[in-house]
Amino acid sequence: MTESDTQTVDVTTKTLDIPGARLAYDIRAAEGESAEPTLLMIGQPMDARGFNSLAKHFRDRRVVRYDPRGVTRSELRDDSEKPTVEERADDLHRLIAELGSEPVDVFGSSGGALDGLALVAKHPEQVRTLVAHEPPAAGMLPDREAALAAAASVQETYERDGFGPAMAKFIALTSLKGPIPADFAEQPAPDPAAFGMPTEDDGSRDDPLLGNMVSGTHYEPEIDALRAAPTRIVVAAGIESEGEMTHRAALAVAERLRTEAAIFPSHHGGFLGGEFGQHGDPDAFAATLRRVLSEDG
């Protein structure tokens, strides 16, 4: 492990060498004495910056955020390989062991929720409470075949036509309310210009979201292992995203785990406070997350 020179008053950035990559992560110490577990915030493909607004609400405990392998500061040693959910779960296992404060609490959103579920399935002793916010587990949906094909078509569009058309199709898919139409995968991508996306293909194929859609959406959580885990698992869904694929997937995962989903304020990015130009309701979101983490189950 090496420590970066990049530090702020209360945040230290470090790196951790792991098989195939070097992870970058940020640690913000608690203000004063704290008996609360470390809170690890994870996204995918979103990096640590996406939790800037949310982390500010948890100054009473140590907060750790990281860039997943292949994203922003966490460089791959072989970028020909597409990271899998299982690999990222193993990365988290190594990172938590390095932190030396097991068990931790984990808040995982989107692909990070899948990674958190995979971590708990394999290493439940490392996690006290996992809040899995809107995992895009398309295979858990009643309309799974259409949903899986639709997600695959986004990646295929990216590989064939580039960023603009693929992102337009991704937005069309993720904003749909209700079951995915059976023919969605065969439908042409919407006009990228209608979404403010570039219409020309610049030839790059390094976007971690569009280039690796299948790895995430086609992962199915290990339900039996999760049910047997001592970890408290809370699956969460945003109230404003009701009917959308990730909201429906959250409800489906919760049902398979024989629990009820916790309803959080705002939408899929409800914790964002302007990061990446997106706004949710981070104050209300943080209050709900704090309440959920403090519950006994």
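Residues numbered from 1 in each chain as written. Predicted model: local features only at pLDDT ≥ 70, side-chain atom pairs only at ≥ 80, totals over all residues. Heavy atoms only, no water.

Undergrad: Please give an account of the packing of helix α4 (residues 144-161) against helix α5 (residues 163-174) that cites residues and values.
TA: Angle between the axes and distance between the axes are the two parameters that describe a pair of packed helices. Across the interface, α4 lies against α5 with an axial gap of 7 Å and an inter-helix angle of 165°. One finds that α4 runs roughly antiparallel with respect to α5. Crossing handedness for the pair α4 and α5: right-handed. When α4 is examined against α5, the residues A150, A151, S153, V154, T157, Y158 and D161 are found in contact with a partner set consisting of F163, P165, A166, K169, F170 and L173. For the contact of α4 with α5, the class distribution of residues is 9 nonpolar, 2 polar and 2 charged. (Axes fitted to C-alpha atoms, helices over the stretch in contact; angles between N-to-C directions. Helix = DSSP H or I, 4+ residues; strand = E, 2+ residues; numbered from the N terminus. Parallel < 35°, antiparallel > 145°, perpendicular 65-115°, else oblique. Left-handed = near helix turned anticlockwise from the far one by under 90°. Contact = heavy atoms within 4.5 Å. Nonpolar A, V, L, I, M, F, W, Y, C, P; charged D, E, K, R; others polar.)

Undergrad: Quick one: what's the story with the pattern of salt bridges, residue by residue and with numbers?
TA: A full pass over the atoms with the stated rule returns 23 salt bridges. Linking D105 and R61 is a salt bridge whose minimum nitrogen-to-oxygen distance equals 3.0 Å. Here the residue D105 occupies a position in strand β7 (residues 104-109), and R61 occupies one in the loop between α1 (52-55) and β5 (63-67), the gap between them amounting to 44 residues. With respect to burial, D105 and R61 carry one shared label: buried. Between D115 and R88 there is a salt bridge; the shortest N-O distance is 2.8 Å. (Salt bridge = Lys/Arg side-chain N within 4 Å of Asp/Glu carboxyl O. Buried < 20%, exposed > 50% of the residue type's maximum accessible area, 1.4 Å probe, protein only.)

Undergrad: Give me the side chain of R248: which residues, what numbers.
TA: Tracing the backbone through its elements, the reader meets R248 in helix α8 (residues 245-256). For R248, a relative accessible area of 16% translates into the label buried. In contact with R248, other than residues within four places in its own chain, are L141, D143, G178, P179, I180 and G243.

Undergrad: If you had to explain unusual backbone geometry to someone new, which residues and values would you point to?
TA: Of note, the bond from Q44 into P45 is cis; its omega dihedral lies within 30 degrees of zero at 5°. Mapped onto the fold, P45 is located in the loop between β4 (39-42) and α1. The peptide bond linking E102 to P103 adopts the cis configuration, its omega dihedral lying at -5°. As for its position among the elements, P103 is in the loop between α2 (85-99) and β7. With a phi angle near 70°, S266 is a residue other than glycine that sits in the positive phi range. Examined against the element boundaries, S266 turns out to sit in the loop between β10 (262-264) and α9 (282-294).

Undergrad: Talk me through α8; I want residue IDs and the actual numbers.
TA: Counted at 1.5 Å a residue, the expected span for α8 with its 12 residues is 16 Å, and the 16 Å between its end C-alpha atoms agrees. Summarising burial for α8: 9 of the 12 residues are buried, a large majority. Taken together, the buried positions of α8 are occupied by M245, T246, H247, R248, A249, A250, A252, V253 and A254. Where the residues of α8 are buried, they touch α3 (111-122), α4, β9 (232-238) and β10. R258 occupies a position one or two residues after α8 and carries a positive phi of about 65°. (Expected span 1.5 Å × (residues − 1).)

Undergrad: Outline a nonpolar patch on the surface, listing residues and values.
TA: Nonpolar side chains collect at one region of the surface, where I239, L251 and I263 lie side by side and expose about 260 Å² of accessible area between them. Of note, I239 is situated in the loop between β9 and α8. A relative accessible area of 52% places I239 in the exposed class. (Patch = residues over 30% accessible without salt bridge, like charges linked within 9 Å, V, L, I, M, F, W, Y side chains within 5 Å. Areas by Shrake-Rupley, 256 points an atom, 1.4 Å probe, with all protein chains shown as cover.)

Undergrad: Give a detailed account of the packing of α2 against α3, specifying residues and quantitative values.
TA: It is the contact of α2 with α3, at a shortest axis distance of 8 Å, that shows an interaxial angle of 70°. With respect to their mutual orientation, α2 and α3 come out roughly perpendicular. Read as a crossing pair, α2 and α3 show a hand that is right-handed. Within the contact between the two elements, α2 uses V85, R88, A89, L92, H93 and I96 and α3 uses L114, D115, A118 and L119. When grouped by side-chain class, the residues that make up the contact of α2 with α3 number 7 nonpolar, 1 polar and 2 charged.

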